[in-house]
Amino acid sequence: MSTARTSSEWIVEALALYLASHHTGTRVQRLYDALRGWIQHGELHTGSALPSSRHLAQSLGLGRNTVLAAMDRLVAEGFVVPRRGAGLYVADLPQPPIGMTEQAPATDMQHLSRRAEQLLSFCTTLNGGQRAFAPGVPALDRFPCERWQRLLRRHQHRACEAWMNYQTQGGLAVLKTALCDYLRLSRSVNCRPEQILITQGAQQGFELIARLLADPGDVAWIEEPGYGGAQSCFVSAGLNMLPVAVDEEGIAPDSLPPDAPAPRLIYVTPSHQYPSGVTMSMARRLALLACAERHGAWIIEDDYDSEFRYATPPVASLQGLAERVPVIYVGTFSKVLYPGLRLGYLVLPERLMDDFRRANARLHREGQYAVQSALAEFLVEGHFARHVARMRHCYRQRQAYLREALAPAVAHGLVLSQGQAGMHLVARLDSLEQERWLVERGHEQGIALSALSRFYLGEEKMPGLVLGYAGADEAEIARAGGWLCQAWLSRPDPAQA
Ligand SMILES: Cc1ncc(COP(=O)(O)O)c(C=O)c1O
């Protein structure tokens, strides 16, 4: 009801709604309460005309005396004023009348839930669109936009009436079949198309898993350092997260004390640990599967950027290795195509498929079947594989540009990760103070420097920078890299920082 253009018809409608939803007190009282409240809160502005008592009585199905009694009281208290021959108007109330509204109500209703507050503590550093050095942003400048637009147009044009209705199939069948072929061949995922649920990205997959396979208070083991997107989903589902150290072989459950709480979910990025870049060794994979089996836990395998390996061939998925342990494979098109597409998928054990499909259709709804149809063709016709191959080459080059730009800093002690895969490098720093200093200076220059310490949940945090290189072209990398070198070389002495 709040607007400067309050018209008398809107007042009638709002009053009808109010009376239908408020049942305490007489009709006179309720009518008076509603109008007085709106005047006090500024929702009915000074000078607004009220509908005539006859019109109100007729429209609201009230006796005229009822309306007049409420109006008389509002006039008597000075909330409305009569104008001769023209009805009643909202009075000019320079001071809010006593006990009025500017203060917050004394109830908890205005506060966010505890879960929301925890969740928002993970949302402080959303990528604001910079490319150098935002992690996880692909080469948007190299995406085959024209071909994709043509495909999209054709599939939108072909969109059948059935696609316009509510969808409950868990995604378009042709896309699931095309994906299944790709996953079996390229990622050694053990699956049939019926096990695939199309989602709006990996994030939605994590959210579904957290809600459908765990209860509030259950424990999720997560890699330390680890991916904030998954952490946000777990926290908002009310799970307790237990950070598990990552070493050069990947997640190390043996590092936990023997009395550590048993997991319900174990979240891992085995192909390319995010953000450290480590690939989980075979010994660790087998140990993790055994550990999950002992605890009766689900493993969530987030395979977000495994297509981009430079020195060695892609590592087979953990899911394909698991025979007795349930592993849910989470995939996304955000890295291989572009994040705004919002398409990803889950590969689920068959027994879960139907429940996930129904819950997803209820919680999130499905849609974008024309886009899914275009994507299926993109895969089947080989455009996808060609794009991935081109991007692999492009990212290898962009990483080389970054190394070149940072060479003077490296010559003066900056340590970079190996970068055998993925879309970012990690630069190790000496102290958290140094990290903060560099991040702040970068921010002033419009350069997105992500603090490595942010990826840690525990007290012990390693200082460093996560430097995404895939999304920035050679010139941007040279500029931002050159700046970072200068900043590194002029950093304050750790003793004085
Ligand atoms: C580790 C990891 N997993 C998954 C994703 C992809 O998430 P989404 O598909 O929701 O865009 C990202 C994106 O940054 C990521 O870094």
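Residues numbered from 1 in each chain as written. Predicted model: local features only at pLDDT ≥ 70, side-chain atom pairs only at ≥ 80, totals over all residues. Heavy atoms only, no water.

*Asks:* Report on the sheet that holds strand β4 (residues 219-224), specifying residues and quantitative values.
*Replies:* Judged by pairing direction, the sheet is mixed, and its eight strands sit side by side in the order β3-β10-β9-β8-β7-β4-β5-β6 without closing on themselves. The sheet is open, and its two edges are formed by β3 (196-199) and β6 (250-251), each paired on a single side. Contacts between helix α12 (residues 350-363) and the sheet are confined to β3, β8 (298-302), β9 (327-332) and β10 (344-347), with β3 contributing the most and set at about 20° to the helix. (Pairing = 2+ DSSP bridges. Helix = DSSP H or I, 4+ residues; strand = E, 2+ residues; numbered from the N terminus. Contact = heavy atoms within 4.5 Å. Axes fitted to C-alpha atoms, helices over the stretch in contact; angles between N-to-C directions.)

*Asks:* Can you tell me about the site of the ligand, naming the residues and giving the values?
*Replies:* Neighbouring the ligand are Gly201, Ala202, Gln203, Tyr227, Tyr267, Tyr274, Asp302, Tyr304, Thr332, Ser334, Lys335 and Arg342. Residue Ala202 places a main-chain N or O atom 2.7 Å away from an oxygen atom belonging to the ligand. Its free accessible area being 400 Å², the ligand has 92% of it covered by the protein chains. When grouped by side-chain class, the residues that make up the shell around the ligand number five nonpolar, four polar and three charged. (Near = heavy atom within 4 Å. Polar contact = N/O pair within 3.5 Å; in protein donor to acceptor, adjacent residues only side chain to side chain. Areas by Shrake-Rupley, 256 points an atom, 1.4 Å probe, with all protein chains shown as cover. Nonpolar A, V, L, I, M, F, W, Y, C, P; charged D, E, K, R; others polar.)

*Asks:* Provide a residue-level description of the packing of aromatic side chains, including the pertinent values.
*Replies:* One pass over the full model with this rule turns up 15 aromatic pairs. When the ring of Phe206 is compared with that of Tyr267, the centres are 5.5 Å apart and the planes differ by 90°; the resulting orientation is edge-to-face. You can see Phe206 sitting in helix α9 (residues 202-213) and its partner Tyr267 sitting in strand β7 (residues 265-268), a full 61 residues away along the chain. Residue class for Tyr267 comes out buried when judged on its relative accessible area of 2%. With a centroid separation of 5.7 Å and 70° between ring planes, the pair formed by Tyr274 and Phe455 is classed as edge-to-face. Taken as a pair, Tyr274 in the loop between β7 and α11 (282-295) and Phe455 in the loop between β13 (450-451) and β14 (464-468) lie far apart in primary sequence, 181 residues in all. Taken as a pair, Tyr274 and Phe455 share a single burial class, namely buried. Chaining the aromatic ring pairs together yields one cluster made of Phe206, Tyr227, Phe234, Tyr267, Tyr274, Tyr304 and Phe455. Over the ring of Tyr89 we find Arg83, and its NZ or CZ is 3.7 Å from the ring centre. (Phe/Tyr/Trp six-rings, centres within 6.5 Å; stacked < 30°, edge-to-face > 60°. Buried < 20%, exposed > 50% of the residue type's maximum accessible area, 1.4 Å probe, protein only. Lys NZ or Arg CZ within 6 Å of the ring centre and 35° of its normal.)

*Asks:* Pulling in residues and values, what's your account of the domain arrangement of the protein chain?
*Replies:* By a frequent convention, interface size equals the accessible area lost on bringing the separate parts together. Here the protein chain is described as being made up of domain 1 (8-90), domain 2 (142-385) and domain 3 (389-489). For domain 1 versus domain 3, the distance between C-alpha centres works out to 63 Å. (Domains from an automatic or database assignment.)

*Asks:* Lay out the pairing of β14 with the relevant residues and their values.
*Replies:* Two faces make up the sheet, and in a regular strand the side chains alternate between them. Judged by how many residues are buried, β14 sits mostly within the fold: five of five residues are covered. Neither face of β14 is open: one carries Gly464, Val466 and Gly468, the other Leu465 and Leu467, and all of them are buried. In the sheet, strand β12 (residues 424-428) pairs with β14 via five bridges, with the strands oriented antiparallel. Residue pairing across strands places His424 opposite Gly468, the latter belonging to β14. One ladder, built from two bridges, connects β13 with β14; its direction is antiparallel. Bridging from a neighbouring strand, Ala451 pairs with Leu465 of β14.

*Asks:* Got a sec to walk through the sheet that holds β13? Specific residues and values, please.
*Replies:* As summarised here, the arrangement of the four strands in space is β11-β12-β14-β13, forming an open sheet in which the pairing is antiparallel. Each edge of the open sheet carries a strand with a single partner, namely β11 (415-416) and β13.

*Asks:* Report on the pattern of salt bridges, specifying residues and quantitative values.
*Replies:* Inspection of the entire model under this criterion finds 16 salt bridges. Among the ionic pairs, Glu207 bridges to Arg211, the shortest N-O distance being 3.2 Å. Of this pair, Glu207 and Arg211 both sit in helix α9, four residues apart, roughly one helical turn. A relative accessible area of 23% means that Glu207 is categorised as partly exposed. By relative accessible area, which is 39% here, Arg211 ends up partly exposed. Across the salt bridge formed by Arg441 and Glu444, the nearest N and O atoms sit 3.2 Å from each other. Of this pair, Arg441 and Glu444 both sit in helix α15 (residues 432-444), separated by three residues, roughly a single helical turn. Each member of the salt-bridge network shares a partner with another, and the members are Asp354, Asp355, Arg357 and Arg358. (Salt bridge = Lys/Arg side-chain N within 4 Å of Asp/Glu carboxyl O.)

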